Amino acid sequence: MQKIKQFKSFYINIIAAIIVFAIVQFLISGQLLNDFYINTLLVIVINIILAVSLHLIIGITGQFSIGHAGFLSIGAYSAAIITMKLQLPFALSLLVGGIAAAIAGLIIGIPSLRLKGDYLAIATLGFGEIVRITLLNIDYVGGASGMMVDNLTTWPWAFWCMVITILVIVNFTNSTHGRACISIRENEIAADAMGINTTYYKVMAFVIGAFFAGVAGGLYSHNFYIIMPGSFGFMKSFDILIFVVLGGLGSLSGSVIAAILLSIVSTFLQDYPETRMVIYSLVLILMMIFRPQGLLGTKEITSFFKKGKSSDGGKHDGKQTVA
Amino acid sequence: MMENKLLLKVENAGIQFGGLKAVSNTNVEIKKGELIGLIGPNGAGKTTFFNLLTGVYAPTEGNILLEGKRLNGLPPYKITRKGISRTFQNIRLFNELSVLDNVKVAYHTNSKHSILSSIFRLPPHFTGEREMEEKAIDFLKIFNLDGFLYEKAKNLPYGQQRRLEIARALATQPKLLLLDEPAAGMNPNETEELMNLISFIREKFDLTVLLIEHDMQLVMGVCERIYVLDHGQLIAEGSPSEIRNNPKVIEAYLGEEVS
Amino acid sequence: GCGSASTGGSGKDSKTIVIGENLELSGGVASYGSSADKGIALALEEINKKGIDGKKLKIVKVDNKSDQQEATSAALKLITQNKVSAIIGAATSGDTLAQVQIVDKKKVPLITTSGTASNITYDKGKLNEFVFRTCFIDPFQGVVSANFASNNLNAKNAAIFIDSSSDYAKGLASNFKDTFTKNGGKIAKEEAYLAKDTDFRAQLTNIKAKNPDVIFVPGYYEEVGLIVKQARDLGINVPIMGGDGWDSPKLVELAGAKALNNTFITNHYSSGNTEDQKVQDFVKAFKDKYGQEPDGFNALGYDSLYLIADAIKRAGSGDPVKIKKALEETKDLQLVTGTFTFDDKHNPVKSAVILEYVDGKQQFKAKVNP
Amino acid sequence: MLKVENIDVYYGNIQALKGVSLEINQGEIVTLIGANGAGKSTLLKTISGLLKPKNGEILFERKSIKGKAAQTIVKQGISHVPEGRRIFANMTVTENLELGAFLRKDKAGIRQDLERVYQLFPRLYERKKQSAGTLSGGEQQMLAMGRALMAKPRLLLLDEPSMGLAPLLVKTIFRIIEEISQTGTTILLVEQNANMALSIADRAYVIETGRVVLSGTPDELNTSDQVKSAYLGGH
Amino acid sequence: MEFIQQLVNGISLGSIYALIALGYTMVYGIVKLINFAHGDVFMVGSFIGFYSITYLHLGFFPALLLSMLVCAIFGMLIERIAYKPLRNATRIAALITAIGVSLFIEYGMVYIRGAQPDAYPRNVLPNKTFDIFGVSISSQSILILVTSIALMIILQVIVHKTKTGKAMRAVSHDAEAAKLMGINVDRTISATFAIGSALAGAAGVIFGIYYIKIEPLMGMIPGIKAFVAAVLGGIGIIPGAMVGGILLGVIEAIVSAFGFSLWRDGVAFVVLILILIFRPSGIFGKNMKEKV
Ligand SMILES: Nc1ncnc2c1ncn2[C@@H]1O[C@H](COP(=O)(O)OP(=O)(O)OP(=O)(O)O)[C@@H](O)[C@H]1O
Ligand SMILES: Nc1ncnc2c1ncn2[C@@H]1O[C@H](COP(=O)(O)OP(=O)(O)OP(=O)(O)O)[C@@H](O)[C@H]1O
Ligand SMILES: [Mg+2]
Ligand SMILES: [Mg+2]
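For clarity, every value in this text was computed on a predicted model and none was experimentally measured.

## Considerations on the overall build of chain A
The helix and strand tally for chain A stands at 13 helices and two strands. At 20 Å, chain A has a C-alpha radius of gyration in line with the 20 Å of a compact globule built from 323 residues. A principal-axis box enclosing the C-alpha atoms of chain A has dimensions of 55 × 50 × 45 Å. Of the contacts formed within chain A by residues at least 6 apart in sequence, a portion of 79% connects residues at least 24 apart. Side chains of chain A give 19 positive and 14 negative charges; the mean places of these two sets differ by 13 Å.

## A closer look at the pattern of salt bridges
Applying the stated criterion across every chain yields a total of 66 salt bridges over all chains. A salt bridge links B:E224 to B:R202; the shortest N-O distance between them is 2.6 Å. In this pair, B:E224 is assigned in the loop between α8 (216–222) and β9 (225–230) and B:R202 in helix α7 (residues 188–205), connecting sequence segments 22 residues apart. Overall, B:E224 belongs to the partly exposed group, its relative accessible area being 35%. Residues C:K250 and E:D118 are paired through a salt bridge, measuring 3.2 Å at the closest nitrogen-oxygen approach. Here the residue C:K250 occupies a position in helix α8 (residues 249–255), and E:D118 occupies one in strand β1 (residues 118–119), the pair thus bridging two chains.

## A short note on the packing of aromatic side chains
The full count for this structure, using the stated rule, is 47 aromatic pairs over all chains. Ring geometry for E:Y210 versus E:Y211: centroids 4.8 Å apart, planes at 75°, classification edge-to-face. On the basis of relative accessible area, E:Y211 is assigned to the buried category, the value being 1%. Members of the aromatic cluster, connected to one another through ring pairs, are A:F234, A:F238, E:Y24, E:F36 and E:F227. Between the NZ or CZ atom of B:R92 and the centre of the ring of B:F88, over which it lies, the distance is 5.5 Å. The aromatic ring of C:F130 is capped on one face by C:K324, whose charged end is 5.1 Å from the ring centroid.

## Thoughts on a nonpolar patch on the surface
On the surface, A:L86, A:L88, A:L92, A:L95, A:I99, A:I103, A:L106, A:I107, A:I138 and A:Y140 cluster together to form a nonpolar patch covering roughly 860 Å² of accessible area. Within the element layout of this structure, A:L88 appears in the loop between α3 (68–85) and α4 (90–109).

## Structural notes on the interface of chain D and chain E
Taken together, the 22 residues of chain D in the interface contact 18 residues of chain E. Surface buried jointly by chain D and chain E totals about 2000 Å² across both partners, of which 62% is contributed by carbon and sulfur atoms. Linking chain D with chain E are four salt bridges. Of the charged contacts, one joins D:R86 and E:D174 as a salt bridge, the two residues approaching to 2.6 Å between their closest N and O atoms.

## Quick look at the arrangement of the chains
At the level of C-alpha atoms, the two units chain B and chain C stay apart, their nearest approach being 32 Å. What separates chain C from chain D at the closest point of their C-alpha atoms is a distance of 38 Å, and the two make no contact.

## Section: the site of ligand 2
Residues in close proximity to ligand 2 total 17 residues, the closest being D:G37, D:K40, D:S41, D:T42 and D:E83. The residues that come close to ligand 2 belong to more than one chain, namely chains A, B and D. In the model, a nitrogen atom of ligand 2 is placed 3.4 Å from a nitrogen or oxygen of the D:Y11 side chain. At a separation of 2.8 Å, an oxygen atom of ligand 2 approaches a polar side-chain atom of D:Q192. Expressed as a share of its isolated accessible area of 630 Å², the protein-covered part of ligand 2 is 74%. Listed by contribution, the elements that provide at least two residues to the shell around ligand 2 are β2 (14–24) and α1 (40–47) of chain D.

## As for unusual backbone geometry
The linkage connecting C:G89 with the following residue, C:A90, adopts the cis geometry, with an omega of 5°. The topology assignment puts C:A90 in the loop between β3 (86–88) and α3 (93–106). Phi is positive for B:N25, which is not a glycine, with a value near 55°. Among the secondary structure elements, B:N25 is positioned in strand β2 (residues 20–31).

## Description of the interface of chain B and chain A
Opposite the 39 residues of chain B that make contact, chain A presents 40 residues. Counting each side, the surface lost to burial between chain B and chain A is near 3500 Å², with a carbon and sulfur contribution of 61%. At the boundary of chain B and chain A, one finds one salt bridge. Linking chain B to chain A there are 17 residue pairs in polar contact (both at pLDDT 80 or more). The residue inventory of the side of chain B that touches chain A, partitioned by class, reads 14 nonpolar, twelve polar and 13 charged.

## Re the site of ligand 1
Lining the immediate environment of ligand 1, one finds 19 residues, of which B:G43, B:K46, B:T47, B:T48 and D:T134 sit closest. Chains contributing residues near ligand 1 are chains B, D and E. At a separation of 2.8 Å, an oxygen atom of ligand 1 approaches a polar side-chain atom of B:N42. At a separation of 2.8 Å, an oxygen atom of ligand 1 approaches a polar backbone atom of B:G43. Within the complex, the protein chains bury 89% of what would otherwise be the 630 Å² of accessible surface of ligand 1. Considering each element in turn, the shell around ligand 1 owes the most residues, three residues, to helix α1 (residues 46–54) of chain B. Here the residues of the shell around ligand 1 sort into six nonpolar, ten polar and three charged.

Calculation rules
Residues numbered from 1 in each chain as written. Chains lettered and ligands numbered in written order. Predicted model: local features only at pLDDT ≥ 70, side-chain atom pairs only at ≥ 80, totals over all residues. Heavy atoms only, no water. Helix = DSSP H or I, 4+ residues; strand = E, 2+ residues; numbered from the N terminus. Rg over C-alpha atoms; globule rule 2.2 N^0.38 Å. Contact = heavy atoms within 4.5 Å. Lys, Arg positive; Asp, Glu negative; His and termini not counted. Charge placed at Lys NZ, Arg CZ, Asp CG, Glu CD. Salt bridge = Lys/Arg side-chain N within 4 Å of Asp/Glu carboxyl O. Buried < 20%, exposed > 50% of the residue type's maximum accessible area, 1.4 Å probe, protein only. Phe/Tyr/Trp six-rings, centres within 6.5 Å; stacked < 30°, edge-to-face > 60°. Lys NZ or Arg CZ within 6 Å of the ring centre and 35° of its normal. Patch = residues over 30% accessible without salt bridge, like charges linked within 9 Å, V, L, I, M, F, W, Y side chains within 5 Å. Areas by Shrake-Rupley, 256 points an atom, 1.4 Å probe, with all protein chains shown as cover. Buried area = accessible area lost by both parts, 1.4 Å probe. Near = heavy atom within 4 Å. Polar contact = N/O pair within 3.5 Å; in protein donor to acceptor, adjacent residues only side chain to side chain. Nonpolar A, V, L, I, M, F, W, Y, C, P; charged D, E, K, R; others polar.

Given below as structure tokens:
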């Protein structure tokens, strides 16, 4: 029974993805969407990949990481080197970007074994800055002035990378491995006592998360003509973090929705140059004040449609309590 | 005979925090299938002793042997896989996970499907997950928790949380089960139910149980043998009636008369 | 989508011509972007007072947050949504490079106010046809400075202190170095800093130890002001030189008039140049509007819009391709930051002046033609 | 002394107390028994101001304290020893005790009470420089009670003071509760250890899923079959 | 000699970090909030000092006090409006709010006065440079060091010896239990923010006088650096902030002295990560392992 259900939802999701893809592709081919809208779509898709990959690290595994821009930049630069310096195919560059970032994830996963909470946060922030400063000092990739990159990211590439990212992370999360990660988030000591190799899963979360951030990096660098170390500072990490938290920590669909909404808000605010950041920051503050648990809390969007068998204890989390 | 096989042997084990010898020089032997009590005043080092057994702390002296194999210095998850599982004095459930998932996590060590099979949704993933679910539900049935499978753990009433913790510990399929004050915060009536439950699972799963408890009714009622710890040292060992009348224990722990 | 129902500003007989402004109005280099913005706003007022053959200019401003990703998307928006006839911006090379391929593909001219990297207009032997710049390119100033150091200051040992996060500074520095060594001088020490740094004492201490005759600091006034001050505090009294990035009244406030004595810069114009009416008018108009002295970025922004206005006038239409063509044909156009003629790489050919700071005032020393 | 009238208390949407009323007279020990989750702790928290009732009234010495902030209620003479001790883990034993007297200004009185607490709990005296987090459970419970006494309360609310304590200490704690009561402090005691609680109480209330279902003297309750089977164990 | 000069450079840079880190660490220690807006309160403090010196013609001390006062009020307002509603929410939610507040202050300031820098007037405090065996030390850098140490001591006394300080620590461990002691939690947290923000304000004025240049985004980098300094020393520990700050300053100066100025921040972060790996709670941090 369970098995059939899982199979079914798996294929329903894939079919839904194909339909979305086809519609947008049709609009693009029919020139019904101009370049600006296409670019906005690509920005959204890249942000979704980033949000979902960080969601695995923070939302699922509970590792407070604020250096995601580090993985993004490693992916972006590695991919750019593959296409621009070595003249190899774009597809390969995405893969290499992912792998390079995953290796970095492995390395930064190691301090995570000893550090917790805010200390881990600052260490990962430091990691992001170290990556940025290193790039700044490598002349091969242009140092501070950056590196020109051809525009190769197209809608199909971006879209299917996003679908794969979501599928992999959803499938990982909804398995015993994902539950192991969640148990670390919930209570590391108990997880350990239940025989979960917490070291392994923490590092694994970093590696998988970093891999997809790296892929996003490849898409990113091939979409914006130029990459510079300056674009990958901690503010970029914060932007990604904001998607995850605003969507609801632990909710994948929440991260996706937040990434879409905030990308649109940000594009929209370009028209209000004097006040854009003031408005943006107000939006942030107000959202957090009125929905501190994020847009979806810890729930997934699907649970709003399903009644009955809810695994989230529905009404119980109306208000945070004093206890 | 199976029954008399030595399961756990603790030789001169101890641990020091800074200057404080929280546990020192303890020698404990537990045979397969026994139900043992560990009592002692507050701060005697009982929980710390559990922490030594489960690898939360590595002993600074002595040895801990499970079925003759040394456990010293192993990380907790490895010790769990070798067959020691526990509950905590202050409940440590996975609060945001459902009751069912709490138990599934504990069964994780026994699952065989790899990360790749889960990511690609290969057949082993489905068989593995199904087996886990069935097993987990079986455990929950024993504890009468199968009515709350999809409730978040944190939303359970206290008594049920305690039982869920025991169910979860059982799901790792341990040889030795350590219970740290399982009856704390329960009224006498609930305590009695718990006593029966502990006896029942011991029989059913062929378990060895070591439990810490301050409720003498429970300890004297179910334990076959009792160790008494005071100031980090074992001061007595024996059957409930021996312990009840041991002057040292009375002085340090029980007080004048026991009801 | 924002669907800012564009009125098709570039329509053939429309009364207004829409110009896009893609600048760093927030983020790391917001101060440069918003400086350019002020200059542009002043120019817009003046131009629209007279009109261009009966037409008026309208500016659509977009903030690119000092971020390349945003610059790309802003350029796309200006072109496809607002249908602009030309774009001004960005203020920095990186944010300009992020738009180059787009404007070339969409055939809309872009003029950067202060993006000095050479590959903005001409890259790997290929001209980026629709891209122009108002500022100098780097080599010229570096060469002029080096010659001045060797010939007028008789310097033999120079130290260079570079803003490593800026192409501009790196370009100036490398040309200075080449010319200075060609002149028989020696570079005693090279040190670097990054934009937004505030403490330069460590590097200056290293420089001091080498006893140079002159220090070349081709950065922007925000950091240079502090560098000059800290250098003097550490007892470094030798001449210090720099480029047009220094030109701002803030420099004097930051460094202090006294510390600034014995420093020299290359610039487009001298605000104290009483002979040049254009400069005087600009300085006065700027002061009237904003109540402060203009800086180099203000002037470059101001000139950028005038360059476009002039091209529109000659093109006689708001058609982007025609404007581009007219821009290419700009000849001896007298503006505040010099006399403009674009070379075949779309760089302005204009002369430089050398200025000395004396008690906080710029004093004209020499004029150097390219 | 304390009068609770018909209060309703909610956690978000769930109602934890449904029209609870009770009364405590000057100098009494009143005990509250009930199963896990019955709402005992909720009631204490509501009295001490940590939770606010939606409806109903709470009068302390005839004045309404309903909805007042916790710190105001402490000032009026109600001290609450919360469930789970809640001592300040990184502070020393002495500092914890001093915090108990936070609102008091009489230095001499505070000194005296400190002495008294150390007399009641010699164990705390031995550990006065130790940071409270490293105390054992029983020591922490003593500290929590000592800390509450430092406020010199007229009404002391105790939430499961014997939880997790060794038998000897349970006896000690109950002895101390009686001692405290003899000095004139009124006590509202929540206990799982119903036998013990009833043995020292003047009156008792039984609470079940948010409602008071029974009340009376210990003798009356001891003879009630309902109470016996539900709370006192089947002996 | 040159090396000693570099050490002196590093210590004066480090004392500025320390000055900002003190307020950071104190707020963190009590409220457990990484208050990213702290650097921006520092910026606001700097501007208040600037305006009161240039427009109100106040001297150094009055300007310093005014700035501290205004920042204290500003800090309390921020807490009341933005952080208080999130007191029971997750820490990470509060962190995002703090980032929002930080952006709001930065760009609110840009909106009000533009992004251009301003320069502090230089006659506020006499600046003498002492030349000791070729090492130049400015009287201002000595002043900064002395101020930081003095403020550290005052802060330490406030937190550990006064009643308010005890209340602060109690609130930091368990706010609900603190209420039961009669502590007014809201007021205590307000006081914490007031003191922390006043320190940031003081740091802002001193920074302005020492480095001259102030601008709306000036709080970002020193804010992050100060946070790093606080973590290095053991976040929440007041003397730790001091030591962390100085250490960070000295590391930066030495890295620059060896000619790797572009790697300066990178090295600082590498040192941070290494220290954390070996001492996961910073130099002075007690490794408070959760008791099981
Ligand atoms: N991590 C630690 N650091 C320092 N001291 C510790 C630590 N863990 C335990 N202790 C000390 O060791 C002693 C034994 O503590 P333990 O928790 O084992 O007591 P216990 O016998 O379980 O008491 P209780 O019955 O109250 O639970 C106590 O004095 C405690 O303060
Ligand atoms: N913070 C909270 N949020 C939501 N529900 C709560 C909260 N605290 C308690 N409850 C619910 O309110 C009810 C009463 O709880 P309370 O803690 O008052 O019970 P109790 O009688 O003290 O039980 P125990 O013997 O376990 O201490 C229970 O159903 C409990 O689940
Ligand atoms: Mg214990
Ligand atoms: Mg309770």
